[in-house]
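# A closer look at the structure
What follows is the residue order along each chain.
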Amino acid sequence: MKAYIIDRYGKADVVRAGEAAQPELRADDVLVRIHAASVNPLDLKIRDGEFKLLLPYRLPLILGNDMAGVVVRVGAAVRRFNVGDEVYARPDDDRIGTFAEFIAIKEESLALKPRTLTMEQAAAMPLVALTAWQALVEKGQLKQGQKVLIHAGTGGVGTVAIQLARHLGATVATTASAANAAMLKQLGADIVIDYKQDDFALRLRDYDLVLDSQGGATLKKSLSVLKPGGKVIGIAGPPDPDFAKARGVNALVALVMRMLSYGIRSKARAAGVSYSFLYMRASGEQLRQIAELIDAGAIRPVIDRVFPFEQAREALAYVETGRSKGKVVIKVG
Ligand SMILES: NC(=O)c1ccc[n+]([C@@H]2O[C@H](COP(=O)([O-])OP(=O)(O)OC[C@H]3O[C@@H](n4cnc5c(N)ncnc54)[C@H](OP(=O)(O)O)[C@@H]3O)[C@@H](O)[C@H]2O)c1
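These numbers were taken from a predicted model, which means no experiment stands behind them. (Residues numbered from 1 in each chain as written. Predicted model: local features only at pLDDT ≥ 70, side-chain atom pairs only at ≥ 80, totals over all residues. Heavy atoms only, no water.)

### Describing the overall build of the chain
Where we set the bar: The secondary structure listing takes helices from DSSP runs of H or I that are at least 4 residues long and strands from runs of E that are at least 2 residues long, numbered from the N terminus. In this setup the radius of gyration rests on C-alpha atoms only. A globule is expected at 2.2 Å times the number of residues raised to 0.38. Buried residues are those whose accessible area, probed at 1.4 Å on protein chains only, stays under 20% of the maximum for their type, while exposed residues exceed 50% and partly exposed ones sit between those limits. Surface accessibility follows the Shrake-Rupley procedure with a 1.4 Å probe radius. Residue values consider only the protein chains on display as shielding. Note that His is not counted, nor are the chain ends; the positive residues are Lys and Arg, and the negative ones are Asp and Glu. In this description, the location of a charge corresponds to atom NZ of lysine, CZ of arginine, CG of aspartate or CD of glutamate.
Counting its regular elements, the chain contains twelve helices and 16 strands. Radius of gyration (C-alpha) of the chain: 19 Å, near the 20 Å computed for a compact globule of 333 residues. By residue count, 56% of the 333 residues in the chain fall in the buried class. Of the roughly 14700 Å² of accessible surface on the chain, a fraction of 50% belongs to carbon and sulfur atoms. Treating the 45 positive side-chain charges of the chain as one cloud and the 36 negative ones as another, the clouds have centres 5 Å apart.

Now the structure itself:
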């Protein structure tokens, strides 16, 4: 099958188009013919080797963390899917590879594609929607009437998180370039702060939750907009000890993670708030719930550009500019 592969970690030139063997099917796997994939900054970080301590992939590796397609074969133990089903998924993080014609995915990580979306639209959703869900619903326990700040509202995660937070009944503030304010208000943002001109920390106070995708100075400053007991959930790092424990990393890596987040955790504690890191995980069950919200019209995908399969490297380069609005999709079929 055709696929986009890396043989070593590095910058854009390490990604090559090539031929790979069709994935082997385990008993609880579903083989999917991929119709569309979408690009995430995670693909670039994996390509660069930034995740090699956490996810020690065997090279050569097929890139890609999001897909929509059609089931072509099911393993002997698969119960919920049949050949011909239209599905979408973020595969488990140790078995990625959606920039390809086929992928084998665990049944429990897969869900039926939202009925109201095309393949390209569906492929744009899994990783960012699961991230938003796990940050706002699972970890953040965001409730009606609460206030949430979502950084980078125009990003892949931001565009979905704003809609989900609005659906949950929260007041939503977001940071973005001024030119995108109208689009973000349409998605459900109540307050849009131009991060190039204004200081969000001077405008917002008594927030219950911050979803931070920027890290660094933005993360530190985010502590000051929270009310006592408020939470910052960071998806750009630094990783924290709970995450190290959950991943079962070795003692040295756990120590590094503890040290990397020591400063922000101490500052948060001193301010009477909390910091925690989230690394999203695959979940077919959550994708089923997300599909219901999509089909009910509560959440819609925001797509910046669709690239043909032959231009997957251009799609990666476009996301690498850091300026895309919503998602960048690769049409595979
Ligand atoms: N831990 C996890 O599980 C997890 C999951 C998903 C994503 N992430 C991480 O979260 C980050 C965001 O992911 P994404 O998919 O949303 O990225 P993305 O779609 O590539 O984000 C691009 C957007 O970010 C905006 N932006 C850039 N700098 C900004 C700033 N300082 N303030 C406000 N907006 C800014 C840009 O808007 P302008 O063009 O207007 O600047 C652009 O629209 C990435 O680092 C990604 O790796 C982590």
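Resuming the write-up.
### Brief notes about the pairing of strand β10 (residues 171-176)
Working note: regular strand, side chains alternate between the two faces of the sheet. Condition: Pairing between strands is defined by DSSP: at least two bridges between the two strands are required. Seen with its strands pointing away from the viewer, a crossover is right-handed if its path from the first strand over the helix to the second goes clockwise.
Counting buried positions along β10 yields five of six residues, so the element is predominantly enclosed. Bridge analysis of strand β9 (residues 147-150) against β10 gives four bridges, and the strand direction is parallel. When the sheet's bridge partners are listed, Leu-149 is paired in β10 with Ala-173. With helix α4 (residues 156-167) bridging β9 and the parallel β10, this β-α-β connection has right-handed handedness.

### Thoughts on the site of the ligand
To be explicit about the condition: A cutoff of 4 Å decides nearness: a residue is near a molecule or strand if any of its heavy atoms lies inside that distance of it. Think of a polar contact as two N or O atoms within 3.5 Å of one another; within protein, one of them needs to be a possible hydrogen donor and the other a possible acceptor, and neighboring residues in sequence only count if both atoms come from side chains. For this scheme, ten residues count as nonpolar: Ala, Val, Leu, Ile, Met, Phe, Trp, Tyr, Cys and Pro. Four count as charged, namely Asp, Glu, Lys and Arg, and the remainder, Gly too, count as polar. Here the bounds of each domain stem from an automatic or database domain assignment.
Taken together, the neighbourhood of the ligand is formed by 23 residues, with Lys-45, Ser-177, Tyr-195, Met-280 and Ser-324 sitting nearest. In this structure, Gln-214 approaches the ligand through a side-chain N or O atom, which is 3.5 Å from a nitrogen atom. One of the side-chain N or O atoms of Arg-323 is found 2.8 Å from an oxygen atom in the ligand. Of the residues assigned to the shell around the ligand, the class counts are nine nonpolar, twelve polar and two charged. Both of domain 1 (2-125 + 301-331) and domain 2 (128-277) provide at least three residues apiece to the shell around the ligand.

### Overview of the environment of Gly-169
Counted only if it meets this: Contact between two residues is taken to exist if any of their heavy atoms lie within 4.5 Å; hydrogens are not considered.
Within the secondary structure, Gly-169 is located in the loop between α4 and β10. Residues in contact with Gly-169, not counting those within four places in the same chain, are Gln-144 and Gly-145.

### Brief notes about the sheet that holds strand β1 (residues 2-6)
Here we have three strands laid out as an open sheet, ordered β2-β1-β4, and antiparallel in their pairing. Each end of this open sheet is capped by a strand with a single partner; those strands are β2 (15-19) and β4 (61-62). Relative to β4, β1 runs antiparallel, the two sharing two bridges. By the bridge assignment for β4, Ile-6 is matched with Leu-61.

### Concerning the domain arrangement of the chain
What counts, and what does not: By buried area we mean the combined loss of accessible area, with a 1.4 Å probe, across both parts when two parts are placed together. Salt bridges, as used here, are contacts in which a Lys or Arg side-chain nitrogen is within 4 Å of a carboxyl oxygen on Asp or Glu.
For the chain, the domain assignment lists domain 1 (2-125 + 301-331) and domain 2 (128-277). Relative to domain 2, the C-alpha centre of domain 1 lies at a distance of 26 Å. Counting residues at the interface gives 14 residues for domain 1, matched by 18 residues for domain 2. Of all residues in domain 1, the largest losses of buried area upon contact with domain 2 belong to Leu-54, Met-125 and Val-302, amounting jointly to 42% of the total for that side. Where domain 1 packs against domain 2, one counts one salt bridge. The partner of Asp-93 in a salt bridge is Arg-247, with the nearest N and O atoms 3.0 Å apart. Where domain 1 meets domain 2, there are four residue pairs in polar contact (both at pLDDT 80 or more). Residue composition of the side of domain 1 that touches domain 2, grouped by class: six nonpolar, three polar and five charged.

### Quick notes on the sheet that holds strand β11 (residues 191-194)
Operational definition: Orientation is described by lines fitted to C-alpha atoms, with helices fitted over the stretch in contact, and by angles between N-to-C directions that extend from 0 to 180 degrees.
Spatially, six strands are ordered β11-β10-β9-β12-β13-β14 in an open sheet, and the strand pairing comes out parallel. Edge positions in the open sheet fall to β11 and β14 (274-277), since each of these has one partner strand only. Geometrically, the sheet is characterised by an average inter-axis angle of 15° between neighbouring strands, direction not taken into account. Taken strand by strand, helix α3 (residues 126-139) contacts β9, β12 (207-212), β13 (226-234) and β14, and its axis lies near 155° from that of β12. Relative to β9, α4 is tilted by about 170°, and along the sheet it contacts β9, β10 and β12.

### Considerations on the pattern of salt bridges
Taken as a whole and judged by the stated rule, the model has 17 salt bridges. Here Lys-327 and Asp-66 are joined by a salt bridge, their closest N and O atoms 3.6 Å apart. Of this pair, Lys-327 sits in strand β16 (residues 327-331) while Asp-66 is found in the loop between β4 and β5 (67-74), placing the two residues 261 residues apart along the sequence. Comparing Lys-327 with Asp-66 shows no difference in burial state: the two are buried. Close ionic contact of Glu-285 with Arg-288 constitutes a salt bridge, the shortest N to O distance being 3.2 Å. Taken together, the residues Glu-285 and Arg-288, both in helix α11 (residues 284-295) and three residues apart, mark about one turn of the helix. Glu-285 gets classed as partly exposed once you look at its relative accessible area, which sits at 42%. When salt bridges that share partners are traced, they join Lys-11, Arg-47, Asp-48 and Glu-320 into one network.

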